[in-house]
2 protein chains.
Amino acid sequence: MAPTNKKDQKVSLHTVERLSAYRRKLEELGLDEVEYIHSHELAALVGVTPAQLRRDLASFGSYGNISRGYDVRRMSRTISQIIGTDRIQNVALVGVGDLGRALLSYRGFEERGFHITAVFDVDPDKVGRVFAGRRCYGLDKLETVLSDLQIRILILTARPEGLQDVVDRGIRAGVRSFLNFVPKSLSVPEDCFVENIDISAKLEKLSFLSRKKAQMEVNA
Amino acid sequence: MAPTNKKDQKVSLHTVERLSAYRRKLEELGLDEVEYIHSHELAALVGVTPAQLRRDLASFGSYGNISRGYDVRRMSRTISQIIGTDRIQNVALVGVGDLGRALLSYRGFEERGFHITAVFDVDPDKVGRVFAGRRCYGLDKLETVLSDLQIRILILTARPEGLQDVVDRGIRAGVRSFLNFVPKSLSVPEDCFVENIDISAKLEKLSFLSRKKAQMEVNA
DNA sequence: GTCTGTGAAGCTCTTCACAGCG
DNA sequence: CGCTGTGAAGAGCTTCACAGAC
């Protein structure tokens, strides 16, 4: 293993998640002709502490001007480069159920530099049909289409059954990471990534928080 | 402030998120007539380390049997009680766009003890229409309906414009927590909670991770 | 004075590793 | 033996607080 270049590995995962929020806000500000912004202002807008914002930005060596603050457009561009959304990325989606269809018609992705190019489903009734402008392929075409389109990111909104198999085949076809909406734990090799979104679990977390607070009031 | 009861506050937020996964798996196991399970087995099934699982379970004083392991059904019931899903909870949803409609027809919520009872939208064309069996109310009915149905959790899938206002009005009508799909930071009082799900940000995180890996290969 | 960038402290979560039980 | 529960160590993230620039 090569000794990690110090400039690289410093960006932590929590930082990356916040970078998205920073960039979104910076884009808005850029459209409003704002040229420079101070850490405490941007921090307030996205809901973090000024110290954390400065730390996050410093982690990739972004130098702000001391008297004027940070250059809005330059910072926005830099973050795009870091997260890799400075050019459009093609992604694919497996499972054209309710959630899958919703994501297909979600405009937010395009705005942020992602384009859902290919769509797959097991259901023979869905194969061949067109959803939000994309023709749906059968799972048998998975490897071919993913390789041809050089898809690196796969969105999973299918049934849990056989999902790991889809993942394994995707990886063999060049996919590097998965956005998984299915409440099922997936295993991937070390150089691939899974990001889970479990909507029910989030609701359960809220349920716990509300309940805990109610208990505390009783205790008090 | 009353001195926090030691038994209470010990459960950390990260633990709560994992509890959902544990409970789901325990339910499956219960259906398969599994009576007891060891930490390393369950840990492997949900994808955490055995030590972490034991720590999580110990945080609310769940005592497993040393030779047989953990009682599957009892543990499942206990977790339900902790997160408050031992009885059905009514939730409401604001914003019947694509994502909102998808969530309305998503069966997963009911399975986990949540029922979307009321639906709201600003669009006059949508008000009065029925979506997945729920009649859509106008935002002017927000306070009345939320209070009447005693809604404590609100799902936000609307436009960013005016969202903070919906939040404020919801809180006055008794809402305690929000599941927010809108990429906009919201502010709530200390005794209320917001859980954000930013799908684009997750994609950006994956984009970063894939890209970073590619860079490292170049460096190596 | 105000602001950035950053050591250092503080805090939280995770992992280790082992006592104690069966 | 193997397993649980848990102190203790470790790793990672956040906040403090201040030097230095303006």
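None of these values were measured; they are calculated from a predicted model. (Residues numbered from 1 in each chain as written. Chains lettered and ligands numbered in written order. Predicted model: local features only at pLDDT ≥ 70, side-chain atom pairs only at ≥ 80, totals over all residues. Heavy atoms only, no water.)

## Overview of the packing of aromatic side chains
The description of an aromatic ring pair rests on the distance of the ring centres and on the angle between the ring planes. Residues and elements named next belong to chain A. Operational definition: Here is the rule: rings of Phe, Tyr and Trp (six-membered ring for Trp) pair when centre to centre is within 6.5 Å. Planes less than 30 degrees apart are stacked, more than 60 are edge-to-face, and the remainder are tilted. Each helix is a run of H or I in the DSSP string that is no shorter than four residues. Each strand is a run of E no shorter than two, and both are numbered from the N terminus. A 1.4 Å probe rolled over the protein chains alone gives each residue an accessible area, and that area as a share of the maximum for its type sets the label: buried under 20%, exposed over 50%, partly exposed in between.
A full pass over the atoms with the stated rule returns four aromatic pairs over all chains. Ring geometry for phenylalanine 120 against tyrosine 137: centres 5.8 Å apart, planes inclined by 35°, an arrangement best described as tilted. Of the two residues, phenylalanine 120 is situated in strand 4 (residues 114–121) and tyrosine 137 in strand 6 (residues 134–138); the sequence distance between them amounts to 17 residues. Taking relative accessible area as the criterion, phenylalanine 120 reaches 0% and is therefore assigned buried.

## Regarding the relation of the copies chain A and chain B
Condition: Least squares is the method for superposing the copies, and the C-alpha atoms it fits come from residues with pLDDT of at least 70 in both. Residues count as neighbours in contact if any of their non-hydrogen atoms are within 4.5 Å of one another.
After a rotation of 180° and a shift along the axis of 0.0 Å, chain A superposes on chain B with an RMSD of 0.0 Å. Taken together, the rotation angle and the small translation identify this as a two-fold axis. For chain A, the minimum C-alpha distance to the rotation axis belongs to alanine 102 of chain A and amounts to 2.9 Å. The residues that chain A uses at the interface reappear at the interface of chain B in 100% of cases, marking a shared surface.

## Quick notes on the protein's contact with DNA strand D
Formally: To be near a molecule or strand, a residue needs just one of its heavy atoms within 4 Å of it. We call two N or O atoms a polar contact when they sit within 3.5 Å, provided that within protein one can donate a hydrogen and the other can accept it, with sequence-adjacent residues counted only if both atoms are side-chain atoms. Residues were grouped as follows: Ala, Val, Leu, Ile, Met, Phe, Trp, Tyr, Cys and Pro as nonpolar; Asp, Glu, Lys and Arg as charged; and all remaining residues, including Gly, as polar.
The environment of DNA strand D is made up of 22 residues, and the closest members are Ser39, Arg54, Arg55, Gly64 and Tyr70 of chain B. Sugar and phosphate atoms constitute 65% of the interface atoms of DNA strand D, taking the interface as everything within 4 Å of the protein. Within the side chain of arginine 18 of chain A, an N or O atom sits 2.8 Å from a phosphate oxygen of DNA strand D. At the level of elements, helix 1 (13–31) and helix 3 (50–58) of chain A together with helix 3 (39–46) and helix 4 (50–58) of chain B are the ones that each hand at least two residues to the surface near DNA strand D. Looking at the surface near DNA strand D residue by residue, the classes come out as five nonpolar, 12 polar and five charged.

## A closer look at helix 1 of chain A
Helical periodicity: at 3.6 residues per turn, an α-helix aligns residues three or four positions apart in one direction. All names here are of chain A. Spelled out, the test is: One fewer than the residue count of a helix, multiplied by 1.5 Å, yields its expected span.
If you check helix 1, its first and last C-alpha atoms are 28 Å apart, about what 19 residues at 1.5 Å a residue would give, namely 27 Å. Of the positions making up helix 1, those classed as buried are Thr15, Val16, Leu19, Ser20, Tyr22, Arg23, Arg24, Lys25, Leu26, Leu29 and Gly30. Positive phi appears at glutamate 33, one or two residues downstream of helix 1, with a value of about 65°.

## Here we look at the packing of helix 2 (residues 13–31) of chain B against helix 3 of chain B
All names here are of chain B. Applied cut-off: Whenever a helix is involved, its axis is fitted only over the stretch in contact; in every case the axis is a line through C-alpha atoms, and angles between N-to-C directions fall within 0 to 180 degrees. With respect to orientation, any angle under 35 degrees is reported as roughly parallel, any angle over 145 as roughly antiparallel, any angle of 65 to 115 as roughly perpendicular, and every other angle as oblique.
Remark: helix 2 packs on helix 3, axes separated minimally by 10 Å, with the N-to-C direction vectors making an angle of 110°. Accordingly, the angle class assigned to the pair helix 2 and helix 3 is roughly perpendicular. From helix 2, Ala21, Tyr22, Lys25, Leu26 and Leu29 reach across to helix 3, where they touch Leu42, Leu45 and Val46. Broken down by class, the residue content of the contact of helix 2 with helix 3 amounts to seven nonpolar, no polar and one charged.

By themselves, these observations are geometric and do not establish any function.
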